[in-house]
Every structure is written in structure tokens, then in C-alpha cells.
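# Fold and contact review
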Amino acid sequence: MIYYFTGFISIDCGITENMTYTDKTTELNYVSESGFIENNIGERHTISLEYHFNTLDQQFSTLRSFPQGDKNCYTLRPGDGKGNKYLIRARFLYGNYDGRMTLPVFDLYLGANKWSSVKFDNANISLTKEIIHIPSSDYIFVCVVNTGHGTPFISALELRPLKNSTYTSATAAVLYRRLDVGSTSNISVRYKDDVYDRIWQPFNFPERKVLSTPLTIDSSSNIYQPPSSVMSTAMSPAKVSNPMFAFHMKPDDPTAEYYVYMHFAELEKLKANESREFFIYENLELWNVDNQPFSPQYLSTTTLFNVALAPISGDQIDYTLFKTTASTHQPTLNAFEVYIVQNFSQPQTHEQDVGAMLNIKSMYGVQKNWQGDPCSPKSYTWEGLNCSFNGQDPVRIISLDLSSSGLEGEIASYISNLTMIQSIDLSNNSLSGSVPEFLSRLPFLKVLDMRGNNLTGSVPSELIEKSKSGSLLLSVSDNPDLCSSLSCRKKNKKYIVPIIASVATLFVLLLAFFIIWKVIKGRKRGT
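Throughout this description, residue numbers start from 1 for each chain and increase along the sequence as written. With pLDDT at 70 or above as the cut-off, local features in this predicted model cover only qualifying residues; side-chain atom pairs require 80 or more to be listed or tallied, and sums for whole chains, interfaces and linings still use all residues. Only hydrogens and water are set aside; all other atoms, that is, all heavy atoms of the structure, feed into the side-chain values.

### Side note on the sheet that holds strand β5 (residues 43-46)
Pairing between two strands is assigned when DSSP locates at least 2 bridges connecting them. The way it works is that DSSP assigns letters per residue, a run of H or I at least four long becomes a helix, a run of E at least two long becomes a strand, and they are numbered from the N terminus. With antiparallel pairing, the 3 strands of this open sheet are ordered in space as β5-β6-β13. Of all the strands in the sheet, the pair left with one neighbour each is β5 and β13 (153-154). With 2 bridges connecting them, strand β6 (residues 62-65) and β13 associate as antiparallel partners. Bridging across to β13, S65 finds its partner in F153.

Listed below in C-alpha cells is the structure:
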């Protein structure tokens, strides 16, 4: 069963089933994987003792590894549902949990699309992968995929709702950098300081000076709401005579597209005859709104990004904050974030088909490696399914083969939601009950195999007629108590009329007897 969760979803992978706890640093409530992944999938492990540092986040102490299956997935169903923006974070620490001291390499998928590769530099260095995502379905599948270079695993999985007006409108954007510029503590900042639980890494530019204030920085009117503890520090050029603050990025992939967000707040109380204003250049092109110089507001956060929100690419991306001739103070920078546009071009399985298959899986307890998106990507289509791919349109399930799968009980009504299905094979199971009428209403059904079950009653006349016309290949043999001809229904109808007539006659006789009894009883009272 997959559960809905409102607000934050925080999963500590590898802890005991149904266990929950409150993290001592963030005070967030973490839960086990129950309800997000099948309990018989993967193995729970604890990292080796020598990697249990006092400063280690509790979520890194345990993990779940997946030695079996090529793709293993967590299913998230946030309460806000599809079309909303979420920050999704997967965290990993190898910690020599298996005693082999062999760092694995594997892939991380979000639904049908590759999110990232997971590669470790050291057994005691953790990895955090973050993505901003707008799902087109209520189901969010986070999957680890075996690439043949070691066993995939995961330490923690977190989902945080964001305001839809924040950041890019792209379907997916991977975090590249999120930096707390001028940090004086050398400690990362997250919830409760950050309302979205973003993780801000401390960062100091070389040859810059740090500005700071003990006062609170107001971000209430800023949709990005960077935390006050991040905004209360900044950096500026070390030399007073230096009019510019410059830095650059050297992307690993020069074709990647980057969104950059800079957060500013004035930390110094400037006098009436003082000012801090500057222009911002991106690769020597002016970045400022309306080509006007920018002045940070005192103790208040302002976030800037390129006006058209057009992403930037290149071998090197240069940023220069250059003070105006009228400015008495140098440029400053408090924090900035960089995201890489992710091309999620792989189409997903239609949401209705996904829901149907998850319900069928749950109802029958299907013992197959059915993980994540049922059809996409093509190389990981669920066993027993055939799917129809039509460009960017949602993928539809057209064939379902559950033959010899140990199914028991009635034929699942969820099959009726597979409205594009062409072939259904339920043969050689222990299915019981009647053949449901909804099967005759599946508009594209051409093959229906129900042989070798314990079905009873009679096959719906519409299915029989379709079979006779040749539009449906119907197989129902080896169901001893199932009648597959129209004569069954005619025979039943033939007996209905006599039965009704007999019941009616008996009712009339009983009514007459009652009337006679009342009359006789009345006469006795009269005498």
C-alpha cells in the first residue's frame, strides 16, 4: 500500500520497519521505508563503526542496498499531488557497510528519466543529490539502477514542497551549487533556519573580506526565503580600492544549461551620504533589471536572476559585480544558487494505467520485480507488460500477461482502468468468482485468456458474441464450473419464469388462507 503524505516526506532508509524518530539537529520527523517500498525488496544495513562520527547526520548510519533486480524504486505520493513543485533529495554514504571496501557506481532515476550517476570518491564522504521537479503524475518514483559496477543503495530520501512561483518553470532542474557566502561558522544551514529545508554549504571566496551582522535579515516578502543565518553574512572585495566583485564557474559539461540566483541584503547601516549600488554582468552582458544599478536593501533580502530566465551555457561563465561611479561602497554577495536544466524527455506511463497496475500488484501480491514506472524507460518495462509509445504522449499499457502467477480471488476490477488494453492473459491461476461484465466494455480488447482457473457462472453474453464474430479471441477452458455458451443464459432465463410463477401462486394461497382465518376468528368472537 502506498501512503499519501502532506508537507515534508523524510525517509531514513534501512531503519527498522515502522520505526520513527525526531532528528536532533533539524527536529524533523523521519520514518522508515514502510509504505514507500516493498519490505521484501533490498536489504537493511548499518555502516561500519569506524565511520560513525559524532558530527554524522543520523540518516547516514543506516542504508538499504539492492543486490537483486536491475531497478528498485521508492514510490512517493505527496498530498499536494501533480503539477506542483518539489525539492527531492537523495543521500548516500557507503561507509564500508558490506566490509568489501569497494565503492559502487550506479544510476539514480526519477520516474522514466535519469536524474544522475552516483559515484563516490571515498568511503567516508557522503553524497547528496537534489532536484527541483514538477511531476505530471501523482506518483513520484525514485529509483536506483544497477549499472554493473557494484550494488546500488540509498541512505535517505526527502521531499520538500516548494512554492510554484519559485525557481525555474522547467520540469526538472538539478542542484549544482547552493552557497552561504561569507559563512563564519563553517557549518551547513538547513531546517529550521530554512523553511524549505534547503541545505546551504558554507563558502568563502579567496581574497575577499567578510561582512556580518547579528541582526535578523527579513525574507518574509521574498518568495525564495533564504534563511536569516545565511543572509546575515556576505563578502566584498578585500581591497577598498577594488571596484568589482568577480567570480566564475567552469562547468564539467559546457553544453549544460544553468539557472543562477543571487541573494542580496545590505548588512551595514549606511549614512545619508553613502550608497552601495552596482551593475551585474554575466559574460560581459548586463544582468540588471531595466539596465538600472542595483542597491541591496538594509536587513531585507532581494533575489536577482536573469530577466528572461534564460539559462546560460559555456566552457566558463563569468560574473562581475561592478560598482557605479556614484557608489561609496563596494559590491557584496550574500548567497547564490545554481541549477542545471534537466532534459526529462522520456514519456511516462499514463497515470491511470500506473494506478491500475499498482492496485493490481497490491491486490494479488504479485511476486515480480515490478518497480517504478511500469513502461518507461523501455529497457525497464515491467515483466508481463507490453506498452504503446507514441512520441511525447503518455505511454499506454496494451498487453497484460499474469499467467501462472499464483493469483487468487476474483478478477480485479482495476483492470477496467486499462482502457487501451488489447490482450489480457490470466491463465493457469486460482482465480474464482464470476467473469465480470466490465471485460466486455474494454474497447480495444482482442485477446482474453482465462483458462485453467476456478471461475464460475457464465461468461457474459457480450464476450461470447465478440468471440463468435471474430473480434475477440476468448479462451476459458479448464474452468469446470464456468459455462461459456449463450445457452447457459437462455437456460437460466427459461427457469426464471416458472420459479416466479410458483412463488406467486404460493403467495396467493397464503394470502387466501390468512383471509379465511381472519373471517373464522371474527365469527367466533361474534358468537
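### Looking at the layout of surface pockets
Leftover empty space is mapped by rolling, across the atoms, a probe with the size of a water molecule. With a 1 Å grid laid over protein atoms only, a set of points is called a cavity when a 1.4 Å probe fits there but cannot get out and a pocket when it is open yet has protein on both sides within 12 Å along at least five of seven lines; lining residues have an atom within 4 Å of a point. Grid points are joined across faces, edges and corners, and a volume is the space filled by probe spheres set on the points. Within this model, the largest pocket holds a volume of roughly 1,300 Å³. Along its surface, the largest pocket is lined by 43 residues, and L127, T128, K129, L175 and Q201 are the ones closest to its centre. Elements with a contribution of two residues or more to the lining of the largest pocket: β10 (113-119), β11 (127-133), β15 (172-181) and β25 (335-341). Take the lining of the largest pocket: its biggest share by element is 5 residues, from β15. Each residue is assigned to one of three groups, with Ala, Val, Leu, Ile, Met, Phe, Trp, Tyr, Cys and Pro labelled nonpolar, Asp, Glu, Lys and Arg labelled charged, and all others, Gly among them, labelled polar. Classifying every residue of the lining of the largest pocket by side-chain character gives 14 nonpolar, 14 polar and 15 charged.

### Things to note about the pattern of salt bridges
Any carboxyl oxygen of Asp or Glu within 4 Å of a side-chain nitrogen of Lys or Arg constitutes a salt bridge here. The full count for this structure, using the stated rule, is 21 salt bridges. The salt bridge involving E158 is made with R89; its shortest N-O contact spans 2.6 Å. Placement of E158 in strand β14 (residues 156-161) and of R89 in strand β8 (residues 86-92) is noted, with a sequence separation of 69 residues between them. By the burial criterion, E158 is buried, and R89 matches it. In this structure, K368 and E383 form a salt bridge, with 3.6 Å as the shortest nitrogen-oxygen distance. Remark: E383 occurs in the loop between α2 (351-364) and β26 (385-388) and K368 occurs in the loop between α2 and β26; sequence separation between them is 15 residues. Residues joined by salt bridges that share partners form a network here, namely R89, E130, E158, R160, R178, R190, D197 and E337. A simple rule labels every residue: compare its accessible area, found with a 1.4 Å probe on the protein chains alone, to the largest value its type can have, and call it buried under 20%, exposed over 50%, or partly exposed in between.

### Structural notes on α2
One less than the number of residues in a helix, times 1.5 Å, gives the span that helix is expected to have. For α2, with 14 residues, the first-to-last C-alpha span of 20 Å sits near the 20 Å given by 1.5 Å per residue. Burial analysis of α2 places 10 of its 14 residues in the buried class, the great majority of the element. Among all positions in α2, only E351, D353, V354, G355, A356, M357, L358, I360, K361 and Y364 are buried. We call two residues in contact whenever any of their non-hydrogen atoms come within 4.5 Å of each other. Lining the buried residues of α2 we find β12 (140-149), β26, β27 (396-401), β28 (408-409) and β30 (430-433). Just downstream of α2, G365 is the residue with a positive phi angle, here 60°.

### Overview of the packing of aromatic side chains
Stacked, tilted and edge-to-face are the three classes assigned to paired rings of Phe, Tyr and Trp, where Trp is represented by its six-membered ring and a pair needs centres within 6.5 Å; plane angles under 30 degrees give stacked, over 60 edge-to-face, the rest tilted. A full pass over the atoms with the stated rule returns 32 aromatic pairs. Where Y21 meets Y30, the ring centres are 5.7 Å apart and the plane angle is 15°; that geometry is what we call stacked. Residue Y21 shares its accessibility class with Y30, and that shared class is buried. An angle of 40° between the planes, with centres 5.4 Å apart, marks the rings of F205 and F247 as tilted. Remark: F247 occurs in strand β19 (residues 244-249) and F205 occurs in the loop between β16 (201-203) and β17 (208-212); sequence separation between them is 42 residues. When sorted by exposure, F205 lands in the same class as F247, which is buried. Each member of the aromatic cluster is reached from another via a ring pair, and the members are F203, F205, F245, F247, W287, Y319 and F336. The rule is short: NZ of Lys or CZ of Arg within 6 Å of the ring centre and within 35 degrees of the ring normal puts a charge over the ring. Against the face of W200 rests R178, its NZ or CZ located 5.9 Å from the ring centre.

### Let's talk about the nonpolar core
Nonpolar side chains in soluble globular proteins tend to end up buried together. Counting 46 residues, the largest nonpolar core has I415 and L439 as the members making the most contacts within it. Put simply, the parts of the chain that give this core at least two residues each are β12, α2, β26, β27 and α3 (461-469). Among the elements that take part in this core, α2 stands out by supplying 6 residues, more than any other. Excluding residues that lie within four positions of it along the chain, L439 makes contacts with I411, I415, I424, L445, L448, M450 and L463. Core analysis: the next-biggest nonpolar cluster, separate from the first, contains 41 residues, C13, F66, L110 and L157 among them. Residues belong to a common nonpolar core when they are buried Ala, Val, Leu, Ile, Met, Phe, Trp, Tyr or Cys residues joined through side-chain atoms within 4.5 Å.

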